[in-house]
Each structure stands twice: as structure tokens, then as C-alpha cells.
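Summary of structural features
Listed below are the residues making up each chain.
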Amino acid sequence: MIEFRSVTKTYPDGTHAVADFDLVVPPHRTTVLVGSSGSGKTTLLRMINRMVEPTSGSIEIDGEPVGQRDPVALRRSIGYVLQNGGLLPHLRVVDNVTTVLRLDGVPKARARERAHEVLDVVGLDAALAERYPSQLSGGQQQRVGVARALAADPNILLMDEPFGAVDPIVRAELQTETLRLQQELHKTVVFVTHDIDEAFLLGDQVVILEKGAQVAQIGSPSEIIEAPASDFVASFIGVERGARALHTKDTARGTVLVDANGRTQGVLVEDPS
Ligand SMILES: Nc1ncnc2c1ncn2[C@@H]1O[C@H](COP(=O)(O)OP(=O)(O)OP(=O)(O)O)[C@@H](O)[C@H]1O
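All values reported here derive from a predicted model rather than from experimental measurement.

This brings us to the overall build of the chain. Summing up its helical and strand segments, the chain has nine helices and 13 strands in all. Computed over its C-alpha atoms, the radius of gyration of the chain comes to 20 Å, within 12% of the 19 Å expected for a compact globule of 273 residues. In terms of its C-alpha atoms, the chain occupies a principal-axis envelope of roughly 65 × 45 × 35 Å. Within the chain, contacts between residues separated by at least 24 positions form 61% of all contacts whose residues are at least 6 apart in sequence.

Here's what the structure looks like:
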């Protein structure tokens, strides 16, 4: 479990990025932080692995304040996936994936073996291991970024807009893949995005943020869609644009539900309860 307690971050130039933020991130689930640009999502994420230090308040992992942990050891124990993959261009894929393992003293042969395992887990062909990042597609680079984050088998995975830079089709593929991976691996995932559809697709718990990381609403996707806490939330999730609206349509075989794009999403059946 990760817990934020009254966390505030004011950058040296006086920007109040996060003000008095509290959150419990349950283990083995995906928590998505979603909000518009500048709402403080990245700052929150980076305070978990001490890439950013809070101005006040504390963040605890399983009851232990991260402030008391050695920052380097802490960072290596937490998987971190960045938007552009964050791969080192002069290293082959396999060496990118083994970086943390090698720093942790894992022998080269064992580290390479592990790299091949995790590349397989993220759905990449072993042949790609010897390529350089520039010889991969954007989607493949992102998968390598995920493989690298998983290499040391961390309990916690931080993902900062990991699919922001790929085209919509690849993005959808990577989202599906993330759901599949999570069903298999059960990591504690904290995922940052500004895309509410991505948040609802991937999140067990969704945290909608306003400026200064003020929490507009926390809940499961169902709870938020069924009862938006404010006009801000209703607008952010697109209720007023009709994005969440489903309409009934009668067909020869019964009533179906159709989304805002005119696509049939399901069949209407009577609730047995
Ligand atoms: N190193 C820094 N120095 C000063 N201000 C910063 C720094 N990093 C971020 N900020 C400011 O803090 C606020 C929150 O930034 P943050 O990157 O956490 O937001 P975000 O929600 O992740 O935004 P985005 O979606 O654009 O990445 C913004 O106003 C930003 O300009």
C-alpha cells in the first residue's frame, strides 16, 4: 500500500504544484491519476520514488516513510515507465532492459536471461533484443520501457503517460496489453494520464485532479460515471457532451444500447434482481 499524508509540493520558483494531498493507493490494483495539464500528476508520481521531494507531509510504502529510504535503492526497487520510453539510444534493447539488474549486481548471463523473459511477457520477439531503440516502432519502444520497468520484478509500477506519444491504434493495443499484464502480474500500479477514457479503462481506482492536485473525485469508474461529485467532474468525464450517454434502440430481436458514436455496445436485458 502507498499512502500520501498531507503532501504539499511548492517548487523553488513558488509554483504550488500539490497542496495538502491525501490518498491511499491499494496494493495489487491500478490507481489512475487523471487531470488536465499542470494539475500536479507527474509531481505526485515522482514523489513516490523520491525523484521529487515533498515540501511537507509524507509518503509511506507499507507503513514506512519513503523519506527514510535510501533514494537510489528506493528508485531501483520501483518500476518506472516514461512517456517516450526513456530508453538509452546507444544501448541495445537487451542492455536497456538489464540496466537496473546489472546495477543491482545480477551477473550478466542471468540478467540477459531475465531480459528475454520480460521481453516475452510484454509480447516482444526475442529477435528485437539485439536492436537499438531507433530500430523499433514507437509501440515496440514503449513495450521495452515496460519490460525494463518489470525486469527487477518490483511490487510497484509507476507509469507516467506511457502511451501519450503513440498513435491511437497502437495506444489501444498497449492499453489492452496493460490490462492483460495486470491480470497476470497484480502489481501495485500508479498510472498518470490526461485521458479520461484511458483512466476508466485501466483504473480500478480513478483519482480526478484539479489544479494544485486538488481531488475532485476518487472512485471506481462505475462510481464516478454513476454519480459525478461536481459539475467539474461531470464536464471532465464528458457527461454534458453526451460522451457517456447510451441510447436504447429497438431491433427485431430486442432492445440494444447504442453509444454516442452510433455503435451498438450491448443488449438490454431485464435486471433479474
Ligand atoms: N521543476 C519544476 N519547477 C517549477 N515548477 C514546476 C516544476 N515541475 C513542475 N512544475 C509546475 O508544477 C505544476 C504541476 O506540474 P506537473 O508536471 O506535476 O503536472 P502534470 O499534471 O503532470 O502536467 P502534465 O500533464 O502537463 O505533465 C505545473 O504548474 C508545473 O508548471
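Another point: the site of the ligand. Neighbouring residues of the ligand: 13 residues in total, closest Y11, A17, S37, T42 and T43. The dominant element in the shell around the ligand, judged by the number of residues it contributes, is helix α1 (residues 41-48), at three residues. Taken together, the residues of the shell around the ligand break down into two nonpolar, nine polar and two charged.

With that out of the way, let us pick up the domain arrangement of the chain. Domain boundaries assigned for the chain yield domain 1 (2-235) and domain 2 (241-272). Spacing between the C-alpha centres of domain 1 and domain 2 amounts to 34 Å.

The next thing to look at is the packing of helix α5 (residues 138-150) against helix α6 (residues 168-185). At a closest axis distance of 10 Å, the pairing of α5 and α6 adopts a crossing angle of 25 degrees. Comparing their axes, α6 and α5 come out roughly parallel. You can see that α5 and α6 cross each other, and the crossing is right-handed. Touching G138, G139 and Q142 of α5 are V170, E173 and L174, all from α6. Per-class residue counts for the contact of α5 with α6 are two nonpolar, three polar and one charged.

Further remarks concern α5. End to end, α5 covers 19 Å across 13 residues, agreeing with the expected 18 Å (1.5 Å per residue, within 8%). Summarising burial for α5: eleven of the 13 residues are buried, a large majority. Within α5, the full set of buried residues consists of Q140, Q141, Q142, R143, V144, G145, V146, A147, R148, A149 and L150. Buried residues in α5 make contact with β6 (78-81), α3 (93-103), α4 (108-121), β7 (156-160) and α6.

Attention now moves to the packing of α3 against α4. At a minimum axis separation of 9 Å, α3 and α4 run at an interaxial angle of 120 degrees. Judged by the angle between their axes, α3 and α4 are oblique. Where α3 crosses over α4, the handedness of that crossing is right-handed. Residues V94, V97, T98, L101 and R102 of α3 form the contact with α4, whose own contacting residues are A111, R112, R114, A115, V118 and L119. Within the contact of α3 with α4, the residues separate by chemical class into seven nonpolar, one polar and three charged.

Before going further, it helps to examine the UniProt feature "domain: ABC transporter" (unreviewed entry) in the chain. Following the UniProt record, one finds the feature "domain: ABC transporter" (unreviewed entry) at residues 2-237. The span residues 2-237 shows a helical share of 38% and a strand share of 25%, and its end C-alpha atoms are spaced 26 Å apart.

Once that is clear, we can look at the sheet that holds strand β12 (residues 254-258). Each strand in a sheet pairs with its neighbour through backbone hydrogen bonds, running either in the same direction (parallel) or in the opposite one (antiparallel). Strand order in the open sheet formed by three strands is β11-β12-β13, with antiparallel pairing between adjacent strands. At either end of the open sheet lies a strand with only one pairing partner, and these are β11 (247-251) and β13 (264-267). The sheet shows a mean angle of 35 degrees between the axes of neighbouring strands, direction not considered. Where β11 meets β12, five bridges bridge the pair, whose relative direction is antiparallel.

Criteria and thresholds
- Residues numbered from 1 in each chain as written.
- Predicted model: local features only at pLDDT ≥ 70, side-chain atom pairs only at ≥ 80, totals over all residues.
- Helix = DSSP H or I, 4+ residues; strand = E, 2+ residues; numbered from the N terminus.
- Rg over C-alpha atoms; globule rule 2.2 N^0.38 Å.
- Contact = placed C-beta atoms within 7 Å.
- Near = placed C-beta within 6 Å.
- Nonpolar A, V, L, I, M, F, W, Y, C, P; charged D, E, K, R; others polar.
- Domains from an automatic or database assignment.
- Axes fitted to C-alpha atoms, helices over the stretch in contact; angles between N-to-C directions.
- Parallel < 35°, antiparallel > 145°, perpendicular 65-115°, else oblique.
- Left-handed = near helix turned anticlockwise from the far one by under 90°.
- Expected span 1.5 Å × (residues − 1).
- Buried ≥ 20, exposed ≤ 12 C-beta atoms within 10 Å, placed from the backbone.
- UniProt positions renumbered as here; feature names shortened; annotations may be inferred.
- Pairing = 2+ DSSP bridges.

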